[in-house]
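Analysis of the macromolecular model
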Amino acid sequence: MTLTPTRSSSAPAKALAAPHPREDNSPPASADARVVAWVESIAALTKPDSVVWCDGSAGEYDRLTRAMVDSGTLIRLNPEHRPYSFLARSDPSDVARVEARTFICSEHEDDAGPTNNWRDPAEMRPVLAKLFDGSMRGRTMYVIPFSMGPLGSPLAKLGVQVTDSPYVVASMGIMTRMGTAALELITADTEWVPAVHSVGAPLVDGAVDVPWPCNETKYISHFPETREIWSFGSAYGGNALLAKKSFALRIASVIARDEGWLAEHMLILKVTNPRGRVFHVAAAFPSACGKTNLAMLTPSIPGWTVETIGDDIAWLKPDADGRLRAINPEAGFFGVAPGTGPSTNATAVDTLWGNAIFTNVALRDDGDVWWEGLTDKIPEHLVDWQGNDWTASSGSLAAHPNSRFTVAAAQCPSISSDWDDPHGVVIDAIIFGGRRASNVPLVVEARDWEHGVYIGATVSSERTAAAEGTVGELRRDPFAMMPFCGYNMADYWSHWLEMGAKLRATGTAPRIFQVNWFRKSNDGSFLWPGFAENSRVLAWILDRVDGRAAGADTPLGWKPVADGIDTEGLGVTASQWEQLFAVDPEAWLAELESTEEFFAGFGDRLPEALTAQLADIRRRLKLAREN
Ligand code: GTP
Ligand code: SPV
Ligand code: MN
């Protein structure tokens, strides 16, 4: 979509706004007959009052957001501070992804694997049919055609979402290439993914609407064989913006397995070193573990520049020369607000100057937004994310820990000029990370691709507020894809191993690294300053790729040699540095036992190479223990 141009006055853009939303049930002439038939079938099931085909225009966005301001779903922020921006407050029960209500409905349970909630499609279909029957009564059903990836890119995929939530329409307009241009790319033989979304709150018998309609019952269901998505009951984030996790990860991972590519929970960045050599890096960290921060990194070391390509999802495919190329299939950022401030992520703060939707952050008395970490000085008075008066002495958080901003990627000052290159960028290094208070060193390089796949497969991380569950609890999150892999995770590892073998045959497989910004000392404080200083680690990684940095052998892979990373002015003591890289053989041997148990859950689907990697690391740890 095209965003409305900068406006600094409070005068609303009258010229853009048609008096009423276009509520014309007839599909555009360019709509493919299969899309039309599908939309009609969903309308017949869900029984909305009207059907609107979205064109993705600025005028449409303007009409929708105005209507949501009138209905109380959105609060218009003070345009002097935050032009053309809005605040949404969700229902307090609908604030994050619901993994326990996310289902993979493959024909066979084994194809979903032990890490997914499986449901027999034969059981799920009637459940959904009943829930969706009449679920849109009294509401408008919006039809949202979208492209994941640049329009017409050989790496892009098309989808159509229907939804009864105008908030979802506006968000999808920012997060994807949405509207007429995407619809026109769907012709008789184009593959497209249908996605049905309803908040599950029909307006019947005089029911009055609420600002954030949703339903206690939630089903985020995926049918990998027929490549369909059905989501009921939530309007929040990945539960509802179905192009994102449901399509671009869960369904796309299945398509990617079948077509020989990878759909990953990864940021993409472009780095130029002081010699002018350009690298591209993809990095997988679990939800709320620093992808957006790294994607928008401002290096603290001279001579290096970092540009942003994507902050959450990467689609990676070998090109004709056998090089792994990546695109960011999204067009916007749905980023974690708390902790985003001038000292942690100034680029994100700059990106958010206007044209943004904020969800579940706090409202300032001057009509701007605030969240924990935005400024050091806490405003005297706020209205919190639930609409209550708030002061620093309230003893609660002003913004929900999973409050988010939605903003166009093109608005990011560090966005790379090739972020929307239809052919993608060549990936030189892949990084896996997580939140680990102990054990995992600041950085190591994998010995080879297979060791790298083992590192990815054994990522564990402390839970964050991005999904329901107990924050801080350590859980396995292989490849940061635990909640997002649409098929058996062991088959996914096999697919990664096969991809590596193919890439290696042409000699261009990216190098693989592991990082951990979150290691803590015994007193519970972070050992590593993180944020801009992560550029020092990135520089070491790319110097390795460039053949200029030596590595020291450890049981876990190659670490920097002494003085291999410049720590000048960091305030990291020699003892802290040692702790950042300490490998405790006992703790690691115990971790390997837990990994063995985890692997055993995959039965004979577990690739042999991972068992071999585990045995090799165990051997190295035992050797280290003896010496
Ligand atoms: P999703 O959008 O949920 O997939 O997450 P993300 O990986 O993009 O998360 P994001 O970058 O928004 O990180 C969220 C949290 O990680 C914030 O609270 C940040 O302050 C924190 N964080 C990011 N980088 C660092 C770092 O280098 N060190 C420390 N200590 N915290 C960090
Ligand atoms: C994540 O949880 O990894 C996100 C946010 O990126 S959501 O879109 O809600 O899944
Ligand atoms: Mn994510």
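Only a predicted model underlies this, so the values are computations on that prediction, with no experimental measurement involved.

Rules behind the numbers
Residues numbered from 1 in each chain as written. Chains lettered and ligands numbered in written order. Predicted model: local features only at pLDDT ≥ 70, side-chain atom pairs only at ≥ 80, totals over all residues. Heavy atoms only, no water. Helix = DSSP H or I, 4+ residues; strand = E, 2+ residues; numbered from the N terminus. Rg over C-alpha atoms; globule rule 2.2 N^0.38 Å. Buried < 20%, exposed > 50% of the residue type's maximum accessible area, 1.4 Å probe, protein only. Contact = heavy atoms within 4.5 Å. Areas by Shrake-Rupley, 256 points an atom, 1.4 Å probe, with all protein chains shown as cover. Lys, Arg positive; Asp, Glu negative; His and termini not counted. Charge placed at Lys NZ, Arg CZ, Asp CG, Glu CD. Near = heavy atom within 4 Å. Polar contact = N/O pair within 3.5 Å; in protein donor to acceptor, adjacent residues only side chain to side chain. Nonpolar A, V, L, I, M, F, W, Y, C, P; charged D, E, K, R; others polar. Expected span 1.5 Å × (residues − 1). Arc of directions from axis to C-beta. Pairing = 2+ DSSP bridges. Axes fitted to C-alpha atoms, helices over the stretch in contact; angles between N-to-C directions. Donors = N, O, S within 2.8 Å, 3.2 Å for Na, K, Ca; no water. Tetrahedral: all angles 85-135°; square planar, octahedral: opposite > 155°, others 65-115°. Phe/Tyr/Trp six-rings, centres within 6.5 Å; stacked < 30°, edge-to-face > 60°. Lys NZ or Arg CZ within 6 Å of the ring centre and 35° of its normal.

**Remarks on the overall build of the chain**
In terms of regular secondary structure, the chain is built from 16 helices and 32 strands. Computed over C-alpha atoms, the radius of gyration of the chain comes to 24 Å, within 12% of the 25 Å expected from 2.2 N^0.38 for 627 residues, which places it in the range of a compact globule. A principal-axis box enclosing the C-alpha atoms of the chain has dimensions of 75 × 55 × 45 Å. Looking at the chain as a whole, 60% of its 627 residues qualify as buried. A fraction of 74% describes how many contacts in the chain between residues 6 or more apart in sequence connect residues 24 or more apart. Total accessible area computed for the chain in this model is approximately 23,300 Å², and 51% of it derives from carbon and sulfur atoms. One way to put it: in the chain the 56 positive side-chain charges average out to a point 2 Å from where the 79 negative ones average out.

**Focus: the site of ligand 2**
Around ligand 2 sit Arg-97, Gly-237, Gly-238, Lys-244, Lys-245, His-265, Ser-287, Asp-312, Phe-334, Arg-404, Ala-466 and Phe-484, and those are all the residues in its vicinity. At 2.5 Å from an oxygen atom of ligand 2 is found a side-chain nitrogen or oxygen belonging to Ser-287. When ligand 2 is considered free in solution it has 280 Å² of accessible area, and contact with the protein chains removes 99% of it. Secondary-structure elements contributing two or more residues to the shell around ligand 2 are helix H7 (237–240) and helix H8 (243–259). Looking at the shell around ligand 2 residue by residue, the class counts come to 3 nonpolar, 4 polar and 5 charged.

**Some remarks on helix H4 (residues 121–132)**
A rise of 1.5 Å per residue sets the reference length of H4, with its 12 residues, at 16 Å; its end C-alpha atoms lie 16 Å apart and thus fit the reference within 8%. Within the span of H4, buried status applies to Pro-121, Met-124, Leu-128 and Phe-132. Looking straight down H4, one finds that the buried residues subtend no more than 60 degrees of arc, so they occupy a single side. Seen from the open side of H4, the exposed residues pointing more than 90 degrees away from its buried face are Ala-122, Glu-123 and Lys-130. For H4, the elements touching its buried residues are helix H1 (33–46), strand E4 (102–104), strand E9 (192–198), strand E10 (219–223) and strand E11 (228–232). The opening residue of H4, the one whose side-chain oxygen lies 2.9 Å from the backbone nitrogen of Ala-122, is Asp-120. A positive backbone phi angle near 75 degrees is found at Gly-134, which sits one or two residues after H4.

**Some thoughts on the sheet that holds strand E24 (residues 404–408)**
Read across the open sheet, the 5 strands follow the order E2-E3-E19-E24-E18; overall the sheet is mixed. Unpaired on one side and paired on the other, strand E2 (74–76) and strand E18 (332–336) mark the two borders of the sheet. Each strand of the sheet is rotated relative to its neighbour by a mean of 20 degrees, with strand direction disregarded. Looking at chain direction, strand E19 (residues 357–359) and E24 are connected through 3 bridges and run antiparallel. Opposite Ile-357, over in E24, you have Thr-406 as the bridge partner.

**Looking at the environment of Glu-107**
With respect to the helices and strands, Glu-107 occurs in the loop between E4 and helix H3 (109–112). Measuring from C-alpha to C-alpha, the distance between Glu-107 and Ala-256 comes to 19 Å, with 149 residues separating the pair along the chain. Discounting chain neighbours no more than four positions away, the residues touching Glu-107 are Trp-118, Pro-121 and Glu-225.

**Quick notes on the coordination of the manganese ion (ligand 3)**
In this structure, Lys-245 (NZ), His-265 (NE2) and Asp-312 (OD) serve as the protein donors to the manganese ion (ligand 3), at separations of 2.1 to 2.2 Å. Taken together, the 6 donor atoms coordinating the manganese ion (ligand 3) span angles of 76 to 175 degrees at the metal, a pattern that classifies the geometry as octahedral. In terms of primary sequence, the donors binding the manganese ion (ligand 3) are separated according to K-x19-H-x46-D. Here His-265, found in the loop between strand E12 (262–264) and strand E13 (266–272), pairs with Asp-312, found in the loop between strand E15 (305–310) and strand E16 (314–318); they are 47 residues apart in sequence, far enough to count as distant.

**Re the side chain of Thr-140**
Tracing the backbone shows Thr-140 in strand E6 (residues 140–148). For Thr-140, the side chain forms a polar contact with the side chain of Ser-50, separated by 3.2 Å.

**A short note on the packing of aromatic side chains**
Within this structure, the stated rule accounts for 31 aromatic pairs. With a centroid separation of 6.0 Å and an interplanar angle of 45 degrees, the aromatic rings of Tyr-61 and Tyr-84 are classed as tilted. Taken as a pair, Tyr-61 in helix H2 (residues 58–71) and Tyr-84 in the loop between E2 and strand E3 (86–88) lie far apart in primary sequence, 23 residues in all. One exposure class covers both Tyr-61 and Tyr-84, and it is buried. Plain terms: the ring middles of Phe-479 and Tyr-492 are 5.1 Å apart, the flat faces sit at 90 degrees to each other, and that makes the pair edge-to-face. One end of the pair, Phe-479, is in the loop between strand E29 (474–476) and helix H12 (489–505); the other, Tyr-492, is in helix H12, with 13 residues separating them in the sequence. The burial state of Phe-479 is the same as that of Tyr-492; both residues are buried. Chaining the aromatic ring pairs together yields one cluster made of Phe-432, Trp-449, Phe-479, Tyr-487, Tyr-492 and Trp-496. Over the face of the ring belonging to Tyr-219 we find Arg-101, whose NZ or CZ atom lies 4.5 Å from the ring centre.

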